[in-house]
Amino acid sequence: MNNLVYLVAAYAFAWLAILAYLYSIARRQRRLEHELKVLQRTLDREKAER
Amino acid sequence: MSYWRGVMAMVAKDVLAELRSKEALSAMLLFALMVAVTFNLALELRVDNVLQIAPGLMWVAFAFAGVLGLNRSFAAEQECACIEGLMLTPVDRSAVYIAKCISNTLFMLAAEALFLPVFSALFRVPVWSPALWFIVLLGTVGFASAGTLFAAVAMNSRAREILLPLLLLPIVVPVLTAATRSTAQILDGQSLAQYAPWLRLLLAFDIISVVIAVLSFEYVIEE
Amino acid sequence: MAQRHNDLLQTLVALTAVLVVISLYTVFVVAPTEQTMGHVQRIFYYHVASAWVGFLAFLVACVGGLLFLANRSLLWDTVSAASVEIGLLFSVIALVQGSLWARPVWNTWWTWDPRLTTTLVMCLYYSATMMLRQLGGSEERSARVGAVLSIVGFVNVPIVFLAIRMWRTIHPVVFTTAGFAVAPRMLLALLASLLAFTALYACLLWMRIRVTQLARDISRLRHGLTSRRTL
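The rules we used
Residues numbered from 1 in each chain as written. Chains lettered and ligands numbered in written order. Predicted model: local features only at pLDDT ≥ 70, side-chain atom pairs only at ≥ 80, totals over all residues. Helix = DSSP H or I, 4+ residues; strand = E, 2+ residues; numbered from the N terminus. Buried ≥ 20, exposed ≤ 12 C-beta atoms within 10 Å, placed from the backbone. Contact = placed C-beta atoms within 7 Å. Rg over C-alpha atoms; globule rule 2.2 N^0.38 Å. Axes fitted to C-alpha atoms, helices over the stretch in contact; angles between N-to-C directions. Parallel < 35°, antiparallel > 145°, perpendicular 65-115°, else oblique. Left-handed = near helix turned anticlockwise from the far one by under 90°. Nonpolar A, V, L, I, M, F, W, Y, C, P; charged D, E, K, R; others polar. Core = buried A, V, L, I, M, F, W, Y, C linked by C-beta atoms within 7 Å. Expected span 1.5 Å × (residues − 1). Arc of directions from axis to C-beta. pLDDT = per-residue confidence, 0-100.

## A word on the overall build of chain C
Scanning chain C from terminus to terminus reveals seven helices and two strands. Reading the helices (α) and strands (β) of chain C from amino to carboxyl end gives α-α-α-α-α-α-β-β-α. By the burial criterion, 42% of the 231 residues in chain C qualify as buried. Excluding contacts between residues fewer than 6 apart, the proportion of contacts in chain C whose partners are at least 24 apart in sequence is 79%.

## Focus: the overall build of chain B
A count of helical and extended segments in chain B gives nine helices and zero strands. Ordered by position from the N terminus, the helices and strands of chain B form the series α-α-α-α-α-α-α-α-α. For chain B, whose C-alpha radius of gyration is 18 Å, the value lies close to the compact-globule estimate of 17 Å for 223 residues. In terms of overall dimensions, chain B has a C-alpha envelope of 55 × 35 × 30 Å along the principal axes. Residues classed as buried in chain B amount to 45% of the 223 residues present. Within chain B, contacts between residues at least 6 apart in sequence are counted, and of these 83% link residues at least 24 apart.

## Comments concerning the packing of helix α1 (residues 3–21) of chain B against helix α5 (residues 93–123) of chain B
All names here are of chain B. Contact geometry for α1 and α5: axes closest at 9 Å, N-to-C directions at 40°. By the angle class used here, α1 and α5 are oblique. The interaxial crossing formed by α1 with α5 has right-handed handedness. Counted together, Y3, G6, V7, M10, V11, D14, V15 and E18 of α1 and A95, V96, I98, A99, I102, S103, L106 and F107 of α5 form the full contact between these two elements. Across the contact of α1 with α5, the residue classes break down as twelve nonpolar, two polar and two charged.

## Notes on the packing of helix α4 (residues 114–135) of chain C against helix α5 (residues 139–153) of chain C
When two helices pack together, you describe them by how their axes are tilted relative to each other and by the distance separating the axes. All names here are of chain C. One way to put it is that α4 packs onto α5 with a least axis distance of 10 Å and a crossing angle of 175°. In terms of axis orientation, α4 runs roughly antiparallel to α5. Of α5, the residues touching α4 (which contributes Y125, Y126, T129, L132 and R133) are S142, V145, G146, L149, S150 and G153. Taken together, the residues of the contact of α4 with α5 sort by class into five nonpolar, five polar and one charged.

## Quick word on the interface of chain B and chain C
Listed as interface residues are 19 residues of chain B and, on the opposing side, 22 residues of chain C. For the side of chain B that touches chain C, the element with the most residues is helix α7 (residues 160–171) of chain B, which contributes six residues.

## Remarks on unusual backbone geometry
Residues and elements named next belong to chain C. Despite not being glycine, R72 shows a phi value in the positive range, around 55°. By the secondary structure assignment, R72 is in the loop between α2 (43–71) and α3 (74–106). We classify R72 as partly exposed; it has 13 C-beta atoms within 10 Å. Unlike most non-glycine residues, N107 shows phi in positive territory, near 65°. Assignment of secondary structure puts N107 in the loop between α3 and α4.

## Overview of the nonpolar core
If you look at the biggest cluster of nonpolar residues, it comprises 137 residues, and the most contacted ones within it are A32, F150, V153, L164, L167 and L168 of chain B together with A57 of chain C. Among the elements that take part in this core, α2 of chain C stands out by supplying 16 residues, more than any other.

## As for α1 of chain B
All names here are of chain B. Its 19 residues place the ends of α1 28 Å apart at the C-alpha level, agreeing with the 27 Å of an ideal helix rising 1.5 Å per residue. Restricting attention to buried positions, one finds in α1 the residues V7, M10, D14 and E18. The arc that holds every buried residue of α1, seen down its axis, measures 70°, which confines them to one face. Set apart from the buried face of α1 by more than 90 degrees, the exposed residues are R5, A12, L16, L19 and R20. Of the surrounding elements, those touching the buried residues of α1 are α2 (23–43) and α5. Two residues or fewer after α1 comes K22, characterised by a positive phi angle close to 55°.

## Quick notes on the arrangement of the chains
The pair of protein chains exhibiting the most contacts, out of two pairs of chains in contact, is chains A and C. Between chain A and chain B there is no contact, and the shortest C-alpha to C-alpha separation is 24 Å.

## With respect to the environment of F90 of chain C
Residues and elements named next belong to chain C. Assignment of secondary structure puts F90 in helix α3. Residues F90 and A51 lie 39 residues apart in sequence; the distance between their C-alpha atoms is 6.5 Å. Residues within four places of F90 in sequence aside, it is in contact with S50, V53, G54 and A57.

## Some remarks on the environment of E222 of chain B
Summarising the element assignment, E222 of chain B is placed in the segment after α9 (192–221). The sequence separation of E222 of chain B and P55 of chain B amounts to 167 residues, and the corresponding C-alpha distance is 39 Å.

## Quick look at the confidence of the model for chain B
Within chain B, residue pLDDT values average 87, and 97% of them lie at 70 or more. No element of chain B has a lower mean pLDDT than helix α4 (residues 82–88) of chain B, which averages 74, and none a higher one than helix α6 (residues 130–154) of chain B, which averages 94.

Shown next as structure tokens:
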């Protein structure tokens, strides 16, 4: 039954799309957390200087 | 200034501006005709299938021409920075919407009125029918009421020409469906009882659309 | 506080993973093979679940929009925008899966059937909404316009549903007023898939909201930093 190709493709597509989306969220999250850390350090330094 | 005087003043302004330049009307009419001719070439209309294609073709022409007119309606205001002037008018924000909606409807109706005789001649369909005119009126009101809201939404963005149809057409699917179906039935000579459901749908859509647009307009237009 | 949020999210993710595994089991092992279509029919479970999540997401976006306009808290705008994004993702997944099912069963990748057409049109609408948010001017205006578009846009969902009543459709109809036209074990697989996907939606929504809120916090901090420096 070569129709199985379509079944596999359908499920593969769904999971790939969802995982790709998850990955893009995770990547953005990591980048932002890093940025936040840098910003926090700058703020703490400024506070110490005052 | 009372509410309706304000509305009528704004409508009068739009109509006068249009009467002087006639740019919207001619653009819409020409575009509608172009659509009709292009579809005719692409779809190989024959005498036997005219009645099947004509209603859809007519409403597609109206829809595309309508989008053209709607785009223009706020674009013209932006070019002369008249939006701020409209906002400063001592009337409720919803009056601005109602006025724009009325003028957009009027311009669309004018273009459609000029289009129909030509359409009738080119495709040999009978358009001298008050029932048909009523459907055209209802469909146009539905289209213009939702369209005016979305034109205001898209007005400030760079991609306004593509955003307006992308936002508007999904929402007016009920209008286009009901309008084409009832138009087909009327051209076919069917009775009121048969196309009444579509009529009711159009009426309901028009009312709901105007109410929702009036409520949402102030959120869309404030700066 | 943030730690409690993180723990809750981790629990949700774990729960989702479990539900997904269960759903896969029911779909591939428990559910019987359909007579005429064979195994390809199993696409149905994830296809319906994806479509369902799309509708749910657009409903949440609509409600988020209403709440934002009511109390102007940007959190609701974040919820609404994130939900539109995820709803679009799952609606597209549903369309693609439907197309992959249609090829062997209807012998065509696509047909201008009302159900399919209205779904495609709905996707175009929400894509336009996302496009507009990115092009839109000030944060507050983007939020307001996004809210109105999410609220009005929700009318797409009943249009897709009622497509089968307004036009004739060849799309299989499973939920009728007479009841469910599915065998009990298939119903089980369907429910498992719906549950798993709803949990998945919740996870993705939470994570997406977290990212936006983080970005907003950062830009606020930056703003505070630069304004202090100029003093």
